[in-house]
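The lines below spell out each chain.
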Amino acid sequence: MTGTAQSAAAELGGLLNSLGVRRGGVLMVHASLGGTGVAPERVRDGLLAALGPGGTLIVPAFTPENSDTSRAYRQAVAGLDEAEAAAYREAMPPFEPDATGCPTMGALAECVRSTPGAVRSAHPQTSFAGLGPAAGRLLRRHALRSHLGRLSPMARLYAADAQILLLRVGFEVCSAFHYAEYLMRPRPPRRTYRCVVGDKGNWVEYRDLALDDSDFGKIGSRLPRRMLAEAEWASRAVVLCAMRDVVGHAKGEMSGYRRPLA
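Residues numbered from 1 in each chain as written. Predicted model: local features only at pLDDT ≥ 70, side-chain atom pairs only at ≥ 80, totals over all residues. Heavy atoms only, no water.

> Is there a simple way to think about the sheet that holds strand E9 (residues 236-242) in this case?
Sheet strands pair by backbone hydrogen bonding; their relative direction is either parallel or antiparallel. Pairing is mixed in the open sheet, where seven strands are placed in the order E3-E4-E2-E1-E5-E9-E8. Two strands close off the open sheet at either side, each with one partner strand: strand E3 (119-120) and strand E8 (228-233). With four bridges joining them, strand E2 (residues 56-60) and strand E4 (residues 128-131) adopt antiparallel strand pairing. By the bridge assignment, Leu57 is partnered in E4 with Leu131. Of the strands in this sheet, strand E1 (26-31), E2, E4, strand E5 (163-167) and E8 touch helix H2 (residues 40-51), which is tilted by about 140 degrees from E2. (Pairing = 2+ DSSP bridges. Helix = DSSP H or I, 4+ residues; strand = E, 2+ residues; numbered from the N terminus. Contact = heavy atoms within 4.5 Å. Axes fitted to C-alpha atoms, helices over the stretch in contact; angles between N-to-C directions.)

> Help me understand the packing of H2 against helix H5 (residues 107-114) in this model?
Between two packed helices, the angle of one axis relative to the other and the distance separating the axes together describe the packing. In the contact formed by H2 and H5, the axes pass within 9 Å of each other and the chain directions differ by 70 degrees. Accordingly, the angle class assigned to the pair H2 and H5 is roughly perpendicular. Contact with H2, carried on its side by Pro40, Glu41, Val43, Arg44 and Leu47, involves Ala107, Leu108, Cys111 and Val112 of H5 and no other residues of that element. Among the residues making up the contact of H2 with H5, the classes are represented as seven nonpolar, no polar and two charged. (Parallel < 35°, antiparallel > 145°, perpendicular 65-115°, else oblique. Nonpolar A, V, L, I, M, F, W, Y, C, P; charged D, E, K, R; others polar.)

> In this structure, what is going on with the pattern of salt bridges? I would like to understand it.
When their charged atoms lie close together, side chains carrying opposite charge are able to pair. Under the definition given, this model contains nine salt bridges. The residue Asp161 makes a salt bridge to Arg244 at a minimum N-O spacing of 3.9 Å. Here Asp161 is found in the loop between helix H7 (153-159) and E5, whereas its partner Arg244 is found in helix H10 (residues 243-257), with 83 residues between them in sequence. Classification of Asp161 as partly exposed rests on a relative accessible area of 28%. Arg222 serves as the salt-bridge partner of Glu253, at 3.0 Å between the closest nitrogen and oxygen. Taken together, the residues Glu253 in helix H10 and Arg222 in the loop between helix H9 (216-221) and E8 connect sequence positions 31 residues apart. Look at Arg222 and you get partly exposed, because its relative accessible area is 42%. (Salt bridge = Lys/Arg side-chain N within 4 Å of Asp/Glu carboxyl O. Buried < 20%, exposed > 50% of the residue type's maximum accessible area, 1.4 Å probe, protein only.)

This is the structure:
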């Protein structure tokens, strides 16, 4: 680790405390560690230290790679001919909660997911992983037809008054805003999703809201500043906020301009 990385790692604990991370609370973290030189284990340990022994750390452990209805799949098969795309789909590995990685969620999420004793929810597309005394309770049930809605851990995080930490990332990736989509009225449209689970070739199909993150950055930019504790770490912005506050704001924004179900 370089001197700059060592300094950043040492600085993190004080930063988390100054922002207002609650000891004994529940913290959901979205992070990008690229370019910091800081090992994800150091960041994980810093977050757990700030939370204290009674606190719980949660990360998104999403797996769009095992779905043929995801943006990740469309990007993967772009440019392939029909036979090549079919072969790619046939070879896609199934989701296994205890083994499937979450590479698109970043190094910290994968670190937390793979830490001995971590708990992971069972959804094959939008699982969460967690460490701490409340992780089992928060992640124990995750209905297939509820990516991030009332039958998912997101609803329990909301009920638990969780905080959200955006560590060197923006509100574009704030998955809690998806929970606002389930709360808004009129209800958003629904669509079909497919993913492979259990065994290769075992595809399941289900319907859920047509989730849309295209306006998350704009919604985040309109949040009242009083809702946010802001700082900088490793040359990028860090934001801490209360999930209930920002979800409530997002719900109001979306309900005002998004198209209802036809």
